[in-house]
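Observations on the three-dimensional arrangement
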Amino acid sequence: MAALLRFDQITKRYGRQVALDSLTLTVEAGEIFGFVGPNGAGKSTAIRIAMGFLHASAGRGELLGVPFAQARAARAGVGYVPDAPVFFASTPLEAVLFAGRLNSEDAGQTDADLRTRALELLRWLDLPVSFSGWRAAGKADARKLSRGQQQRLAIAQALVSHPRLLVLDEPTSALDPPGVSLVREALVRSRAEGTAVFFSSHQLQEVETLCDRAAFLAAGKLVAMGSMAELLREGDCVSITVRRLQPEDPFVRLHASTLSQAHSIAVSGDLVFVVPVHEQQCFLEQAWLAGAELVEVVRQRRRLQELFEMNRRASESGYVSGAQSDNPTDELRERP
Amino acid sequence: MSTVHIQRILLVAGMLLRQSRILLLLLLVWPLALCAILLAADHGKPSSEDVSAILQQELFYGLALIGLGASVALGTEQRAHRTQQVLSRAVGRAEYLLALGLSAYLPFAGYVAVWALSAASFAVLLKTPMPLSAIVAELAAGLLLCASGLFFSVVFAQLIATACTGAVLALLILAGTHGIGGPAGLFGWLADQQTGSPLAVALQSAEVLVLAAGVCAAACTVFARKDLQLH
């Protein structure tokens, strides 16, 4: 199946500054793809190049199979939500209809279809549909909606033409928890309708929960990419839970002081140690000799937050400036 | 250009104009209000000097206000991220640019139409000619002004507007030395002095329109190759 969005060695320079360095990734149909990275990593630049707002300094890219620069008609099949949406003076319904009408010819929607779809989206995203009375007239302006409502209105605009690909730039920034939930629900529902989703976010929990695949960007370079299962695969530590040991036992004191990576948490008398995988055998033997009863040994699952921190630290130390491997995650794992 | 393209351009231009509809309405009413004040003050029989002064005032201040409003609106639009919400749809950059130009030009054309209505009313009242070339020249000047405001900063557009106003003022003073008063007389004098025949006036008007079209085409080409300023 052809990729809906393809970056092929895309580079963007502003004078001598490299904002994006040979970015290569694809977004396939039906998936939710998270685009993660610290501020200034180049996420918005990549999205703006894909949408045709910026021109790449080098490399090629395609949106729904059409080169970025010639993708005017193809954009009828794409919904875009900017990080800070700005609206014309109009009611929410008019704003959604306006967005739909700009695409209607290429998307093949009649005005009646658009109105039905717009009303459905406004109700779905919990946005005001109708206003009555002169006192409410002032609230009818989309520019006067709350930030969360504006974000949801931008999503409604993006979805009105039944896009094949939804592109969102920080869709949940500055949203309250109920707003985040609504947006999250919108993304899941869009995927259920067959729309692929490509979004940048700082909300790592959101990326971890929603995404099928994710990519990490740091200092303009892609440093990790893969399915969530790959990215969150088992880490390099195990957590070992033991009982019948007291904090003052020599074994506990020894390991609390000599194993710098280990820490213990008392949970109803049990002690939990987190130790590196290569030290677990030695640790277990010593614990057994000390009279401990082994409760469980669990390989620790890496959280996206850890990966994000690793990427951030790597980018700050300049490590990521080297050649990119085929699997950047492997490259990361080999770092000191 | 197909009907679909025109529909998209009108849609965007309509949304842009809707934002400043109250200000535009007040500006369009202004020449008529001045007409009414003049007629009321002089019991329906104003002097030709008063009429010339009023038309002149309407022309300079009205066009300056329209130019200022349009260039500020276009400058704001360029800075607003709303641009990306329009261009993320199936809207070409040339279409968007023409919509911006249209949103600046329509108020200008509307104002000139109202001004021409008031000037024609006075011309009939005072039985003096009101040449068509005046309207053509003003429309062309407005188009060029709007086009320049699209690609450069608002300040630059204002400098051009100021220069244009100064030039017209100088021409008016020159016209005054020839004993011709009022903007209608000025444009009539310019047409007579420089061309001498209706055919030449028509050719000059066509030249101005071709020049304006060239500016628009060049502007579309430049805009299509530029990065949007979104920071």
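Residues numbered from 1 in each chain as written. Chains lettered and ligands numbered in written order. Predicted model: local features only at pLDDT ≥ 70, side-chain atom pairs only at ≥ 80, totals over all residues. Heavy atoms only, no water.

**A few points about the domain arrangement of chain A**
Looking at the assigned domains, one finds that chain A contains domain 1 (3-130 + 141-232) and domain 2 (236-311). On a C-alpha basis, the centres of domain 1 of chain A and domain 2 of chain A stand 43 Å from each other. (Domains from an automatic or database assignment.)

**Describing the interface of chain B and chain A**
Contact with chain B, which involves 30 residues of that partner, is made by 36 residues of chain A. Buried surface at the junction of chain B and chain A, summed over both partners, amounts to about 2,800 Å²; 55% is from carbon and sulfur atoms. The largest share of the area that chain B buries against chain A comes from B:M15, B:Q85 and B:R89, three residues that together contribute 25% of it. Where chain B meets chain A, there are three salt bridges. Residues A:D106 and B:R8 are paired through a salt bridge, measuring 3.3 Å at the closest nitrogen-oxygen approach. At the level of elements, α1 (3-19), α4 (82-87), α5 (93-126) and α9 (198-225) of chain B are the ones that each hand at least two residues to the side of chain B that touches chain A. With eight residues, α1(B) is the largest single contributor of residues to the side of chain B that touches chain A. Tallied by class, the residues present in the side of chain B that touches chain A amount to 12 nonpolar, seven polar and 11 charged. (Contact = heavy atoms within 4.5 Å. Buried area = accessible area lost by both parts, 1.4 Å probe. Salt bridge = Lys/Arg side-chain N within 4 Å of Asp/Glu carboxyl O. Helix = DSSP H or I, 4+ residues; strand = E, 2+ residues; numbered from the N terminus. Nonpolar A, V, L, I, M, F, W, Y, C, P; charged D, E, K, R; others polar.)

**Let's talk about the pattern of salt bridges**
Two side chains of opposite charge can pair, provided their charged atoms sit close to one another. Residue and element names in this part refer to chain A. Counted by the stated rule, this structure contains 15 salt bridges over all chains. When the shortest N-O distance is used, the salt bridge between R101 and D111 registers 2.9 Å. Taken together, the residues R101 in helix α2 (residues 92-107) and D111 in helix α3 (residues 111-124) connect sequence positions 10 residues apart. Salt-bridge contacts for R117 lead to E193; the nearest nitrogen and oxygen are separated by 3.5 Å. Of the two residues, R117 is situated in helix α3 and E193 in the loop between α5 (177-192) and β8 (196-201); the sequence distance between them amounts to 76 residues. Residue classification places E193 among the partly exposed residues on the basis of a relative accessible area of 40%. (Buried < 20%, exposed > 50% of the residue type's maximum accessible area, 1.4 Å probe, protein only.)

**Structural notes on the side chain of B:E95**
Locating B:E95 in the fold gives a position in helix α5. Residue classification places B:E95 among the buried residues on the basis of a relative accessible area of 6%. Among residues more than four places away in sequence, those in contact with B:E95 are A:R72, B:H5, B:R8, B:I9 and B:A90.

**Things to note about the environment of A:V295**
Residues and elements named next belong to chain A. Secondary-structure assignment places V295 in strand β14 (residues 293-301). Spatially, the C-alpha atom of V295 lies 25 Å from that of L232, the residues being 63 residues apart in sequence. Apart from residues no more than four positions distant in its own chain, V295 is found in contact with T241, V242, R243 and D270.

**Some words on empty space enclosed by the protein**
The tally for this structure, following the rule as stated, stands at three cavities of 30 Å³ or more. Of the pockets and cavities examined, the largest cavity occupies roughly 140 Å³. Residue lining of the largest cavity: 18 residues in total, with A:F98, A:A99, A:Q157, B:Q85 and B:V86 positioned closest to the centre. If you list the elements that add at least two residues to the lining of the largest cavity, you get α2 and α4 (147-159) of chain A together with α4 of chain B. Along the lines of polarity and charge, the residues of the lining of the largest cavity split into 12 nonpolar, four polar and two charged. (1 Å grid on protein atoms, 1.4 Å probe; cavity = no way out; pocket = protein on both sides within 12 Å on 5 of 7 lines; lining within 4 Å. Points joined across faces, edges and corners; volume = space filled by probe spheres on them.)

**Structural notes on the sheet that holds strand β2 (residues 17-27) of chain A**
Residues and elements named next belong to chain A. What the four strands build is an open sheet, ordered β2-β1-β4-β5; its pairing is antiparallel. Both edges of this open sheet fall to β2 and β5 (66-67), since each of them pairs with a single strand only. By the bridge criterion, two bridges tie strand β4 (residues 58-63) to β5 in an arrangement that is antiparallel. Bridge pairing in β5 links L63 to V66. (Pairing = 2+ DSSP bridges.)

**Points about a nonpolar patch on the surface**
Residues and elements named next belong to chain B. Taken together, the side chains of L65, L68 and V72 present a nonpolar region at the surface, about 230 Å² in accessible area. Of note, L65 is situated in helix α3 (residues 48-79). With a relative accessible area of 42%, L65 lands in the partly exposed category. (Patch = residues over 30% accessible without salt bridge, like charges linked within 9 Å, V, L, I, M, F, W, Y side chains within 5 Å. Areas by Shrake-Rupley, 256 points an atom, 1.4 Å probe, with all protein chains shown as cover.)

**Observations concerning the packing of aromatic side chains**
In the structure shown here, the tally under the stated rule is 10 aromatic pairs over all chains. Taking 5.6 Å as the distance between ring centres and 45° as the angle between the ring planes, the aromatic pair formed by A:F33 and A:F198 counts as tilted. Placement of the pair is A:F33 in strand β3 (residues 32-36) and A:F198 in strand β8, with a sequence separation of 165 residues. Note on accessibility: A:F33 and A:F198 belong to one class, buried. Seen in terms of ring centroids, A:F251 and A:F273 are 6.3 Å apart; in terms of plane orientation they differ by 65°. Their pairing is edge-to-face. Placement of the pair is A:F251 in helix α8 (residues 250-258) and A:F273 in strand β13 (residues 270-276), with a sequence separation of 22 residues. In this pair, the class of A:F251 matches that of A:F273, namely buried. An aromatic cluster of three or more residues is present, and its members are A:F7, A:F33, A:F35, A:F68 and A:F198. A cation over an aromatic ring shows up here: B:R93 above the ring of B:F223, its NZ or CZ 5.4 Å from the ring centre. (Phe/Tyr/Trp six-rings, centres within 6.5 Å; stacked < 30°, edge-to-face > 60°. Lys NZ or Arg CZ within 6 Å of the ring centre and 35° of its normal.)

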